[in-house]
Amino acid sequence: MSHVAVIDLYIKEDELDMLEQACKILGLRLDRGRKTWRWYGRWVNDYSADQSAYNFGIKPEEYGKCADHVITIPGNNTAYEIGVVKRRDGKPGYMLAYDFWSGGHGMSAIVGNERCSLLKQAFTACVSCNDLQAKGFNTKVVTKADKKGYQIIATRSKTAVKR
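All chains use their own residue numbering, which begins from 1 and follows the written sequence. It should be noted that, the model being predicted, local features are given only for residues of pLDDT at least 70 and side-chain atom pairs only at 80 or more, the latter also being counted only at that level, while totals for whole chains, interfaces and linings use all residues. Calculation of side-chain values draws on the structure's entire complement of heavy atoms; hydrogens and water are dropped beforehand.

Caption draft 1: Up close: the overall build of the protein. Of the regular secondary structure elements, the protein holds three helices and eight strands. By definition, any uninterrupted DSSP run of H or I lasting at least four residues is a helix, any uninterrupted run of E lasting at least two residues is a strand, and each is numbered from the N terminus. Starting at the N terminus, the α and β elements of the protein follow one another as β-α-β-β-β-β-α-α-β-β-β. The globule rule used for comparison is 2.2 Å times the number of residues to the exponent 0.38, while the radius of gyration itself is calculated over C-alpha atoms. In terms of C-alpha radius of gyration, the protein reaches 16 Å, essentially the compact-globule figure of 15 Å for 163 residues. Summarising its shape, the C-alpha atoms of the protein cover approximately 60 × 35 × 30 Å along the three principal directions. Expressed as a percentage of the 163 residues in the protein, the buried residues total 45%. Note on contacts: a residue pair qualifies if any of its non-hydrogen atoms lie within 4.5 Å across the two residues. In the protein, 63% of the contacts between residues at least 6 apart in sequence involve partners at least 24 apart. Only protein chains enter the accessibility calculation, which uses a 1.4 Å probe; a residue whose area is less than 20% of its type maximum is buried, one above 50% is exposed, and one in between is partly exposed.

Caption draft 2: Helix H1 (residues 16-25), seen in detail. Of all the positions in H1, only Leu-16, Met-18, Leu-19, Ala-22 and Cys-23 are classed as buried. Buried residues in H1, looked at end-on, bunch into an arc of 160°, giving them a common side. Along its buried surface, H1 packs onto strand S1 (4-11), strand S2 (29-32), strand S3 (69-72), strand S4 (82-86), strand S5 (94-99) and helix H3 (117-134). Of the residues trailing H1, Gly-27 is marked for its positive phi of about 80°. Directions from the helix axis toward the C-beta atoms define the arc.

Caption draft 3: Structural context of the sheet that holds S3. The strand order across the open sheet built from five strands is S1-S5-S4-S3-S2, with neighbouring strands paired in antiparallel fashion. Lying at the two open borders of the sheet, with one neighbouring strand each, are S1 and S2. Averaged over all neighbouring strand pairs, the angle between strand axes comes to 25°, with direction disregarded. As paired elements, S2 and S3 share four bridges and run antiparallel to each other. Bridged to Leu-30 within S3 is Ile-71. Most of the contacts of H3 go to S1, to which it runs at about 15°, and overall it touches S1, S3, S4 and S5. One requirement defines pairing of two strands: DSSP has to find at least two bridges between them. Between N-to-C directions, angles cover 0 to 180 degrees, with each direction set by a line fitted to C-alpha atoms, over the stretch in contact for helices.

Caption draft 4: Fine view of H3. The span expected for a helix works out to 1.5 Å for each residue beyond the first. Spanning 18 residues, H3 covers 26 Å between terminal C-alpha atoms, matching the ideal 26 Å at 1.5 Å per step. Every buried residue belonging to H3 is among Leu-118, Leu-119, Lys-120, Ala-122, Phe-123, Ala-125, Cys-126, Val-127, Ser-128, Cys-129 and Leu-132, and all of these are buried. Looking one or two residues past H3, Gly-136 carries a phi angle of roughly 95°, positive in sign.

Below you can see the structure in the form of structure tokens.
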């Protein structure tokens, strides 16, 4: 069975460093330039929800081999991976394609379910940190005690700002 979906997170061309930081926060790795990603391996035409990858221009015959970069769990050779794929809607940047069937064989537990909620939160925190750093702040992303989100600590001189 395969359930290849596009995650509702778009990455701008200049945000790959922030995606890489978000991956590190979660214990993942962004393999830049890697073209293939692990998934079920064949399309069985059993998933047609709105977020299905083919609804976003990725043809089923391209599944697993259309990435520009890949998000992987280091040392895990069975977990499905996330393809970082050029957007197909004519806009610049990337989208994430992911087979979440059977929990992605471990990937869903790390990225936060089939919608990748924890990956999206970590990425958003890294983008915010980057914006704050551009304004002269020192920043740090801290995992919340319940491990269900992130807090950004930003400091400038002797003043601390929490967001």
